[in-house]
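# Commentary on secondary and tertiary structure
Each chain, letter by letter, is given below.
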Amino acid sequence: MLKTYSLLFQNTIRTISNWKVEKRPIISLLEKYFSKEDLEEFLETGKISRLENNMVYTDDLDLIKSLNIDNAIFSAKAKLQNLENKASDWLHNKGAIGILKDVLASMEPNAFTIENAKDILIERIKGYETKLFSLKLKNSSQQKLLNIYIQKYFSKLECYAICKYSDEVFNYKGYF
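What this report covers is the structure whose coordinates are included nearby. (Residues numbered from 1 in each chain as written. Predicted model: local features only at pLDDT ≥ 70, side-chain atom pairs only at ≥ 80, totals over all residues. Heavy atoms only, no water.)

### Details of the overall build of the protein
Note the cut-off: Only DSSP runs of H or I covering at least 4 residues are called helices, and only runs of E covering at least 2 are called strands; the numbering of each starts at the N terminus. Type-normalised accessible area, obtained with a 1.4 Å probe on protein chains alone, sets the label of each residue: buried when under 20%, exposed when over 50%, and partly exposed for intermediate values. Two residues form a contact once any of their heavy atoms are found within 4.5 Å. Computed with the Shrake-Rupley method and a 1.4 Å probe, the accessible areas treat only the protein chains shown as cover for residues.
For the protein, the count of helices and strands is ten helices and zero strands. Each helix and strand of the protein, placed in order from N terminus to C terminus, yields the pattern α-α-α-α-α-α-α-α-α-α. Sorting the 176 residues of the protein into buried and exposed places 32% on the buried side. Within the protein, counting contacts between residues at least 6 apart in sequence, those at least 24 apart form 63% of the total. Looking at the protein as shown, the accessible area adds up to about 11,400 Å², and 55% of this sits on carbon and sulfur atoms.

### Here's the deal with a nonpolar patch on the surface
Using the following cut-off: Patch construction takes residues with relative accessible area above 30% that form no salt bridge. Like charges are linked within 9 Å, and nonpolar side chains (Val, Leu, Ile, Met, Phe, Trp, Tyr) are linked within 5 Å. Only one rule defines a salt bridge in this text: a Lys or Arg side-chain nitrogen within 4 Å of an Asp or Glu carboxyl oxygen.
There is a patch of nonpolar side chains on the surface, built from Leu7, Phe42 and Leu43 and spanning about 260 Å² of accessible area. The class of Leu43 is partly exposed, set by a relative accessible area of 35%.

### As for the state of the cysteines
Threshold: For the purposes of this analysis, a disulfide is any pair of cysteine sulfur atoms at a distance within 2.5 Å.
Following the criterion strictly, the structure yields zero disulfides and no others. For the unlinked cysteine Cys159, the closest cysteine sulfur is that of Cys163, found at 6.5 Å.

### Observations regarding the environment of Ile150
Tracing the sequence through the fold places Ile150 in helix H8 (residues 133-153). Judged by its relative accessible area of 1%, Ile150 falls in the buried class. Sequence spacing of Ile150 and Ile122 is 28 residues, and the spatial spacing of their C-alpha atoms is 7.5 Å. Setting aside its immediate chain neighbours within four residues, Ile150 contacts Leu100, Lys118, Leu121, Ile122, Ile125 and Cys159.

### Here's the deal with the nonpolar core
Put simply, the test is: Here, nonpolar core refers to any group of buried Ala, Val, Leu, Ile, Met, Phe, Trp, Tyr and Cys residues whose side-chain atoms link them within 4.5 Å.
Core analysis: the largest hydrophobic core is formed by 30 residues, its most contacted members being Leu100, Leu121, Ile150 and Ile162. Contributions of two or more residues to this core are made by helix H5 (49-85), helix H6 (90-105), helix H7 (117-126), H8 and helix H9 (156-164). Non-local contacts of Leu100, meaning those with residues more than four positions away in its chain, are made with Leu80, Leu121, Ile125, Leu146, Ile150, Ile162 and Phe170. One finds Tyr5, Trp19, Leu30 and Leu39 within the second-largest nonpolar core, a separate group that totals six residues.

### Observations regarding H7
Note the threshold: It is the directions from the helix axis to the C-beta atoms whose arc is reported.
Among the residues of H7, those classed as buried are Ala117, Lys118, Leu121, Ile122 and Ile125. In a view along the axis of H7, the buried residues occupy a sector of 125°, so they form one face of it. Facing away from the buried side of H7 by more than 90 degrees, the exposed set consists of Asp119 and Glu123.

Read these as geometric descriptors, not functional statements.
Quick look at the structure:
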C-alpha cells in the first residue's frame, strides 16, 4: 500500500511511511475509504469506477425527487380546488384559500425544506392578521378551517409544493 501512496503523492516510500507513523489525516482518509485497487485504478485511469457509478444513482435520485414534487403539486392543487369548490360553504372556503394566498405571498419560497414546510405554513396561517376589524372574526374561522384542512389532508411534501411552487399549485383557475 505504501508504494501506491508513494505513486499517488509522487513522494518516496520513506516519506509516506513517516506520514503513516505521524498519523497524518490524509493517510487515515485513504485507508478508511479507498482500497488499494481503487487507488491503482485512479492512477491508471484518472477515475474510480465504483464511485463513478454513484453519479448514476444521484441522477436517479434527482429524477425521483422531481417526480415526487410534480406529484405533490398535482395532488395539492386538487385538494385546494376541492376545498374551494365544496358547495356547503363556498364563500367561507374561498376565504380560506385567500388567506393561504396572502400568507404565501409574504413568504420567501427558498426558506423551506420538505421537512419544515408544513410546520412553517401552519404557524404562518395561525399568525395571519387582517387590518380590518370587521374581517377579523370571519378570518378567524377561515384560519381554523385552513389549519385543520392542511394538518389533516396535506403531507409534508404537498405543503412544500404549496410553499415552493405556489404559482403552479394555484394555476387550476389561473389564480395567483
